[in-house]
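# Descriptive structure summary
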Amino acid sequence: MLIALAIITFLDRISIAVAGPRIQADLHISPERWGWVIGAFVLAYGIFEIPTGALGDRMGQRSVLTRIVLWWSGFTCLTGAATGFVPLLATRFLFGAGEAGAFPNMSGVIARWFPLRERARAHGFIWAASRFGGALAPLIVVPLQSAVGWRVTFILLGAIGVVWALFWRALYQDRPAGGGAELPGLHPIVPWAELLRQRQLWLIVTMYFCYAWGSWFYFGWFPVYLVKAAGFSEGEMGIFTALPFLAGALGNIAGGFLCDWLAGRFGLKTGRRLVGFVSLAVSALLLVAMTLTRNKSAIVVLSTLGFGVADLMLPAAWAVCLDVGHRYAGVVTGTMNSAGQLGGFVCSVLFGYLVQAWGNYYQPLWLVACMVMVAALLFTRIDPTRPLVAEDRVPDSGPRQSMDRQPAHR
């Protein structure tokens, strides 16, 4: 169910970028205004990330995920009814408000159902599924909008989420078998003051803010980049936009297994840090290399590797939130992802203005690469062996024991 939801989130999210050239032409939206359309989703996503993550920790993910999936699916449908810039902006903002709670609540489900030694892998499969959804978006949207138009396409996409919500409500239970009548963490009071005093939390959120510049370039601007900067046709764009997301799917699965193996072999600190730093640093270099060539084949290869390599890091980052968050996993992942959405919002909006000011797409992408490199350096300072809340801290017993150690409610 979580894999299916991850596919739907990115299918709905990336579809606006794929349909972007047609929507911009149909509704007469300029590049800088298009940055605001992309940014409206990201801004709302960031604002509502923490509240919906905390709501899932408090009320349970069964109820919260049902509500938010129905909400965002409705606004996916309404995207097809937009008649101009302002209605489209409002619709995408409300769409983002709904989708904000998806991954924090999925992380909360993982914290309840999976032992510590399997969590990076679980996140790896879910993030791989999200990238598969991103790869499906151009393969579905391009032929659909050619057949029925972009408006009907969004209505059909929204209907998929409604079906998922009905199945989730019917099949999922918040309490794992044998969890007991009073499962700690289902109704926690969040110790905000203690969490916000922790240097580890600020390192995590700053790292993710910088990383998100790279991912949101792909989510919001990459299809437009291929058409307007690299000279690809719409048909070529539909095919080649999918490749980075397919690479990202493989990267997430590989990153999940690699992260868990390295953590078991060398300890949590070394395992998580090594995956995060190397993948982000290499991705930043690949983004720069992509701007230095005009060869289409090279652009396809470099862009695909740039996204796929960066996604090796995602299971590590989300597993770190569970490592340090324990019963507050939904809140910590929500906080981290909120920072990521803020970074994505700044990137999405600023990128359009920089393209307009500098007259090209290459220099703005250099700035994106610099932010990804900063994220790589920050990852080397994060310590996943230090829980954020004092009551969750226990002595580390070495690599093998620390991987098998479970939160108190286990």
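The written sequence of each chain sets the order in which its residues are numbered from 1. Reporting of local features is limited, given that this is a predicted model, to residues whose pLDDT is at least 70; pairs of side-chain atoms are given and counted only at 80 or more, and all residues count toward the totals for whole chains, interfaces and linings. Side-chain numbers here rest on the full set of heavy atoms in the structure, without hydrogens or water.

This next bit is on the confidence of the model for the protein chain. The pLDDT value tells you how sure the predictor is about a given residue, anywhere from 0 up to 100. With 92% of its residues at a pLDDT of 70 or more, the protein chain has an overall mean of 86. Going along the chain from the N terminus, every DSSP run of H or I of four or more residues is numbered as a helix, and every run of E of two or more is numbered as a strand. Element-level pLDDT for the protein chain is lowest in helix α17 (residues 399-404), with a mean of 44, against a maximum mean of 96 in helix α16 (residues 362-379). In this description, contact between two residues means that some pair of their heavy atoms is separated by no more than 4.5 Å. Taken together, the stretch residues 395-410 has pLDDT below 50 and engages in 38 contacts with residues farther than four places along the chain or on a different chain.

We define a salt bridge as a contact between a side-chain nitrogen of Lys or Arg and a carboxyl oxygen of Asp or Glu at a distance within 4 Å. Enumeration according to the criterion identifies 8 salt bridges in this entry. D26 is paired through a salt bridge with R151; the nearest N and O atoms lie 4.0 Å apart. Of the two residues, D26 sits in helix α2 (residues 20-27) while R151 sits in helix α7 (residues 119-171), which places them 125 residues apart along the sequence. Relative accessibility thresholds used throughout: buried, under 20% of the residue-type maximum; exposed, over 50%; partly exposed, between the two (1.4 Å probe, protein chains only). When its relative accessible area of 40% is taken as the criterion, D26 is described as partly exposed. Across the salt bridge formed by D311 and R131, the nearest N and O atoms sit 2.3 Å from each other. Highlighted residues: D311 in the loop between α13 (296-310) and α14 (314-325) and R131 in helix α7, separated in sequence by 180 residues. You can call D311 buried: its relative accessible area is 0%. Overall, the relative accessible area of 1% leaves R131 in the buried class.

In this description, a line fitted to the C-alpha atoms serves as the axis of each element, helices being fitted only across the stretch in contact, and the angle between N-to-C directions of two axes falls anywhere from 0 to 180 degrees. Here helix α3 (residues 31-59) crosses helix α6 (residues 102-113) at 30°, and the two axes come no closer than 8 Å. Judged on the interaxial angle alone, α6 and α3 are roughly parallel. In this structure, α3 meets α6 at a crossing whose hand is right-handed. Along its contact with α3, which presents Y45, E49, T52, G53, G56 and D57, the element α6 presents F103, P104, N105 and R112. Each angle receives one of four descriptions, namely roughly parallel if under 35 degrees, roughly antiparallel if over 145, roughly perpendicular if within 65 to 115, and oblique otherwise. Crossing handedness is read from the near helix: turned anticlockwise from the far helix by less than a right angle, it gives a left-handed crossing, and turned clockwise, a right-handed one.

The next subject is the environment of A6. With respect to the helices and strands, A6 occurs in helix α1 (residues 2-18). Distance from A6 to H123, taken between C-alpha atoms, is 10 Å for residues 117 residues apart in sequence. Beyond its immediate stretch of four places on either side in the chain, A6 contacts F103, M106, I126, A129 and S130.

The next thing to look at is the environment of A165. Along the polypeptide, A165 turns up in helix α7. Residue class for A165 comes out buried when judged on its relative accessible area of 1%. Taking C-alpha positions, A165 is 9.9 Å from S63, a pair spaced 102 residues apart along the chain. Beyond its immediate sequence surroundings of up to four residues, A165 is in contact with T66, V69 and L70.

A few words now on a nonpolar patch on the surface. To count toward a patch, a residue needs a relative accessible area over 30% and no salt bridge; like charges are then connected within 9 Å, while nonpolar side chains (Val, Leu, Ile, Met, Phe, Trp, Tyr) are connected within 5 Å. To measure how exposed things are, a 1.4 Å probe is used in the Shrake-Rupley method; for residues, cover is taken only from the protein chains shown. On the surface, L274, F277, V278, V282 and L377 cluster together into a nonpolar patch covering about 390 Å² of accessible area. For the nonpolar patch, the leading source of residues is helix α12 (residues 268-291), giving 4 residues. Here L274 shows up in helix α12.

Our next topic: the side chain of S130. By the element assignment, S130 lies in helix α7. Taking the relative accessible area as the measure of exposure, S130 reaches 0% and is therefore buried. When near neighbours in sequence (up to four residues on either side) are disregarded, S130 contacts A6, I7, F10 and F103.

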